[in-house]
Amino acid sequence: MGFFDFMTEDIAIDLGTANTLIIHNDKVVIDSPSIVARDRVSGKIIAVGKEANMMQGKTHENIKTIRPLKDGVIADFDASEKMISMLIKSIPALKKRMFTPALRMVVCIPSGITEVEMRAVKESCERVNGKEVYLIHEPMAAAIGIGIDIMQPKGNMIVDIGGGTTEIAVIALGGIVCDKSVKIAGDVFTNDIVYYMRTQHNLFVGESTAEKIKIQVGAAIEDLETPPEDMSVQGRDLLTGKPKQVSVSYREIAKALDKSIQRVEDAVMETLSQTPPELAADIYNTGIYLAGGGSMLRGLDKRISQKTDLPVYIAEDPLRAVVRGTGMALKNLARFKSVLIK
């Protein structure tokens, strides 16, 4: 085993709809958008990650940008496999190796995932030389990453708002007691903004621009204590067909996102209503933890707090909470054995 150990590398992957993160040797070595660009003629993948992201919405007919994951699950098997393999090969420490080492991986998956989708993730990983592949549920990984001791007989509630799905789970004794996975998350927020700009400003903006709006002036409530400055947005005027610029305030975005955020709130409320009373008592004391990129939406914590009458905490560096937890599970495989799915 000794020699084989030397040949094996451990990596933890958070395979997200919007971003893929990889931890190797306790460091986040890859943090890139989950997107690939394919040449239509040759069928080859020409760019992956940040490079492909810059091409999004600006391609001609010979290049197609693909997001291989949709709603947290693999939609394009071939593209996802190529993406994982290209990202793993671009890890600086593994670049020096003559041949790809055998990999021991922990990959996190949404909690509402089916057997078939689970197998797709596993097979993708095995094809890129994963000898031992473990899967972990996203809310679980998020909880470990936030720093909660999940093995305690204590209830904790995690709301992980990613790109494709929002995962809500109540965790105790190293297991998920009740969970809900809704397909309303960052991508839907982005589309809401595209729709709002179209209907309210007659301005046609692309997805990348809408994403920028969400990050710069996105909000969940209309009265923020420290409001962001208005943002000027450029796009195409739907009436004249000319490029034009309009100014957008956070209040407008709060209006645009209101319906979707309401649905996230409803999912949180429903999960709370299914929680066993003893755990509900714990959650009254511990509150709700938010993780994932969506939790960075201004005022979202306050809004969920008002709806649930519970304290709401945002994880530090919420974008990386899940991959941090996945990495911790990989380091203490023996301790988290019960949490991992082989």
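Criteria and cut-off values
- Residues numbered from 1 in each chain as written.
- Predicted model: local features only at pLDDT ≥ 70, side-chain atom pairs only at ≥ 80, totals over all residues.
- Heavy atoms only, no water.
- UniProt positions renumbered as here; feature names shortened; annotations may be inferred.
- Pairing = 2+ DSSP bridges.
- Helix = DSSP H or I, 4+ residues; strand = E, 2+ residues; numbered from the N terminus.
- Axes fitted to C-alpha atoms, helices over the stretch in contact; angles between N-to-C directions.
- Contact = heavy atoms within 4.5 Å.
- Parallel < 35°, antiparallel > 145°, perpendicular 65-115°, else oblique.
- Nonpolar A, V, L, I, M, F, W, Y, C, P; charged D, E, K, R; others polar.
- Buried < 20%, exposed > 50% of the residue type's maximum accessible area, 1.4 Å probe, protein only.

As recorded by an unreviewed UniProt entry, the protein carries the name Cell shape-determining protein MreB and is attributed to Flavobacterium franklandianum. Quoted verbatim from the Function (unreviewed entry) field of UniProt, the annotation for the protein is "Forms membrane-associated dynamic filaments that are essential for cell shape determination. Acts by regulating cell wall synthesis and cell elongation, and thus cell shape. A feedback loop between cell geometry and MreB localization may maintain elongated cell shape by targeting cell wall growth to regions of negative cell wall curvature."

Enquirer: I would appreciate a short explanation of the sheet that holds strand 12 (residues 166–172) in the present structure.
Expert: Strands belonging to one sheet form pairs held by backbone hydrogen bonds; the direction of such a pair is parallel or antiparallel. Judged by pairing direction, the sheet is mixed, and its five strands sit side by side in the order 13-12-11-17-18 without closing on themselves. Here the strands that pair on one side only, and so sit at the sheet edges, are strand 13 (175–182) and strand 18 (312–314). Each neighbouring strand pair of the sheet contributes to a mean axis angle of 20°, computed without reference to strand direction. Relative to strand 17 (residues 288–291), strand 11 (residues 156–161) is paired through four bridges, and the arrangement is parallel. Residue Val159 lies in a different strand from strand 17, and its bridge partner there is Leu290. Across the sheet, helix 9 (residues 250–273) touches strand 11, strand 12, strand 13 and strand 17, and the angle it forms with strand 12 is around 20°.

Enquirer: Would you explain the packing of helix 6 (residues 138–146) against helix 12 (residues 321–331) in this entry?
Expert: When two helices pack together, you describe them by how their axes are tilted relative to each other and by the distance separating the axes. At a minimum axis separation of 6 Å, helix 6 and helix 12 run at an interaxial angle of 85°. Between helix 6 and helix 12, the angle is such that the two are roughly perpendicular. Listed contacts from helix 12 to Glu138, Ala141, Ala142, Ile144, Gly145 and Ile146 of helix 6 are Ala321, Val322, Arg324, Gly325, Thr326, Met328 and Ala329. Tallied by class, the residues present in the contact of helix 6 with helix 12 amount to eight nonpolar, three polar and two charged.

Enquirer: Sorry, what's going on with the sheet that holds strand 1 (residues 8–15) here?
Expert: Spatial ordering of the open sheet is given by 3-2-1-9-10, a layout of five strands whose pairing is mixed. Each having just a single partner strand, strand 3 (27–33) and strand 10 (130–137) make up the two edges of the open sheet. The mean inter-strand angle of the sheet, taken between neighbouring strand axes irrespective of direction, is 20°. Taken together, the seven bridges between strand 1 and strand 9 (residues 102–109) define a ladder with parallel strand orientation. Among the inter-strand pairings, Asp14 is bridged to a residue of strand 9, identified as Cys108. Helix 5 (residues 115–127) contacts strand 9 and strand 10 of the sheet and is inclined by roughly 145° relative to strand 10. The strands touched by helix 12 are strand 1, strand 2 (19–24), strand 3, strand 9 and strand 10; relative to strand 1, the strand with the most contacts, the crossing angle is about 150°.

Enquirer: Got a minute to help me understand the UniProt feature "binding site: ATP" (unreviewed entry) in the protein in this structure?
Expert: In the numbering used here, UniProt assigns the feature "binding site: ATP" (unreviewed entry) to Thr17, Ala18, Asn19, Gly163, Gly164, Thr165, Glu211, Lys212, Ile213 and Lys214. Here Asn19 is to be found in strand 2. Those residues within four positions of Asn19 in sequence are excluded, and the remaining contacts are Asp14, Ser32, Pro33 and Ser34. By secondary structure assignment, the location of Gly163 is in the loop between strand 11 and strand 12. Accessibility expressed as a relative area gives 15% for Gly163, which makes it buried.

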